[in-house]
Amino acid sequence: DQQVKQNSPSLSVQEGRISILNCDYTNSMFDYFLWYKKYPAEGPTFLISISSIKDKNEDGRFTVFLNKSAKHLSLHIVPSQPGDSAVYFCAASGASGTYKYIFGTGTRLKVLA
Amino acid sequence: DTGVSQNPRHKITKRGQNVTFRCDPISEHNRLYWYRQTLGQGPEFLTYFQNEAQLEKSRLLSDRFSAERPKGSFSTLEIQRTEQGDSAMYLCASSLGIGNEKLFFGSGTQLSVL
């Protein structure tokens, strides 16, 4: 039962353009969402988060949008840089009344120079 | 802030052997998590602690797996009678423990069961 889904396993974008990574979830009780970036042989690194009381959160080149009615969130990276090439995971928490974080399967982003 | 530290970085063992991994969280972080990640998958939740109390454990965690955090600081994850299917990256993360917040991950322990 995959409660957090990232349906695009990979994405390629030209340097300087926008990267849009998508994430869907099935449990309406999730109330906190995060995005992580992961390079090979390293642990995931936090990028940005959003609470369910908001629909947008911005931090520099990174913006996360949350559409609760669609149970969908997206991460926008503008402008994309070659150093952004990594695997991106979305995660969600709050469904079970505990602080367990459920991760998606990831999207591999490749930014082409 | 020295980050989350995990040891060893790599572990190769034979099927049937027991292995133990250690995680040192960021100091003053009250929550500590264990995740497992295999190739092409996202981190899979195993268990988490609030201080020394183990608050939740995945039903995927068989009785061969046990985690402890005896003094609310470092944690150990033991796998008994390892199987080839246990081969994975084992990730530890910690957080302050005051609500919804970001997790800080260590670099992981890569386990290979031959």
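In this report, the structure presented in the accompanying data block is examined. Residue numbering note: each chain is counted from 1, following its sequence as written. Following the order in which they are written, the chains are lettered starting with A and the ligands numbered starting with 1. With pLDDT at 70 or above as the cut-off, local features in this predicted model cover only qualifying residues; side-chain atom pairs require 80 or more to be listed or tallied, and sums for whole chains, interfaces and linings still use all residues. Excluded from the side-chain calculations are hydrogens and water; all other atoms, namely the structure's heavy atoms, are used.

1. Overview of the interface of chain A and chain B
For the record, the criterion: Any two residues having at least one pair of non-hydrogen atoms within 4.5 Å are treated as being in contact. Definition used for salt bridges: Asp or Glu carboxyl oxygen within 4 Å of a side-chain nitrogen of Lys or Arg. Here a polar contact is taken to be a pair of N or O atoms separated by no more than 3.5 Å, where protein atoms must pair a possible hydrogen donor with a possible acceptor and residues adjacent in sequence count only if both atoms sit in side chains. Elements are defined by DSSP. Helices are runs of H or I of four residues or more, strands are runs of E of two residues or more, and each kind is numbered from the N terminus.
Between chain A and chain B, the contact holds 20 residues from the first and 21 residues from the second. Our count for the contact surface shared by chain A and chain B stands at one salt bridge. For E56 of chain B, the salt bridge goes to K100 of chain A, with nearest N and O atoms at 3.1 Å. At the junction of chain A and chain B, the tally comes to 10 residue pairs in polar contact (both at pLDDT 80 or more). Those elements that place two or more of their residues in the side of chain A that touches chain B are strand 4 (32-38), strand 9 (86-93) and strand 10 (101-103) of chain A.

2. Digging into the nonpolar core
To keep it simple, the criterion reads: In this text, buried Ala, Val, Leu, Ile, Met, Phe, Trp, Tyr and Cys residues form a nonpolar core when linked through side-chain atoms within 4.5 Å. Burial here depends on accessible area, computed with a 1.4 Å probe over protein chains only, as a share of the maximum for the residue type. Under 20% is buried, over 50% is exposed, and the range in between is partly exposed.
Of all hydrophobic cores here, the largest spans 24 residues; its most connected members are F33, W35, L73, L75 and Y88 of chain A. Looking at this core, the elements with two or more residues in it are strand 3 (19-25), strand 4, strand 5 (45-51), strand 7 (62-67), strand 8 (72-77), strand 9 and strand 11 (107-112) of chain A. The contacts of L73 of chain A, once residues within four sequence positions are left out, are L21, N22, C23, Y25, F33, W35, V64, F65 and L66 of chain A. Grouped together as the second largest cluster of nonpolar side chains are 19 residues, F49, I79, L111 and V113 of chain B included.

3. Brief notes about the state of the cysteines
All names here are of chain B. As a reminder, the rule being used: Disulfides are defined as pairs of cysteine sulfur atoms found within 2.5 Å of each other.
Scanning the model with the defined rule gives two disulfides over all chains in all. Note that C23 is cross-linked by a disulfide to C92, the S-S spacing being 1.8 Å. Between C23 and C92, the disulfide has an S-S torsion of -70° and is therefore left-handed. On the criterion of sequence distance, the pair formed by C23 in strand 3 (residues 19-24) and C92 in strand 9 (residues 88-95) is long-range, its members being 69 residues apart.

4. Considerations on the sheet that holds strand 1 (residues 4-5) of chain A
All names here are of chain A. The condition is simple: Here a strand pair is declared whenever DSSP counts at least two bridges between the two strands.
Pairing in this open sheet of five strands is antiparallel, and the strands run 1-3-8-7-6 from one edge to the other. Of all the strands in the sheet, just strand 1 and strand 6 (56-59) have a single pairing partner and so form its edges. Bridge count for strand 3 against strand 8 is six bridges, and the pairing is antiparallel. Note that in strand 8 the partner of C23 across the bridge is L73.

5. Things to note about the sheet that holds strand 1 (residues 5-7) of chain B
All names here are of chain B. We count it as follows: Angles run from 0 to 180 degrees between N-to-C directions of axes, and those axes are lines fitted to C-alpha atoms, restricted for helices to the stretch in contact.
Spatially, the four strands line up as an open sheet ordered 1-3-8-7, and their pairing is antiparallel. Strands with a single pairing partner mark the edges of an open sheet, and in this sheet they are strand 1 and strand 7 (65-68). Geometrically, the sheet is characterised by an average inter-axis angle of 15° between neighbouring strands, direction not taken into account. Relative to strand 8 (residues 75-79), strand 3 runs antiparallel, the two being bridged by five bridges. Paired with T20 across the strands is E78, a residue of strand 8.

6. As for the side chain of E101 of chain B
Along the chain, E101 of chain B turns up in the loop between strand 9 and strand 10 (104-105). Look at E101 of chain B and you get buried, because its relative accessible area is 10%. Side chain to side chain, E101 of chain B and S95 of chain B meet in a polar contact 2.8 Å long. Polar contacts involving the side chain of E101 of chain B include one to the main-chain amide nitrogen of L96 of chain B, which spans 3.4 Å. Beyond its immediate chain neighbours, meaning those up to four positions away, E101 of chain B contacts Y32, L34 and Y101 of chain A together with R31, S95 and L96 of chain B.

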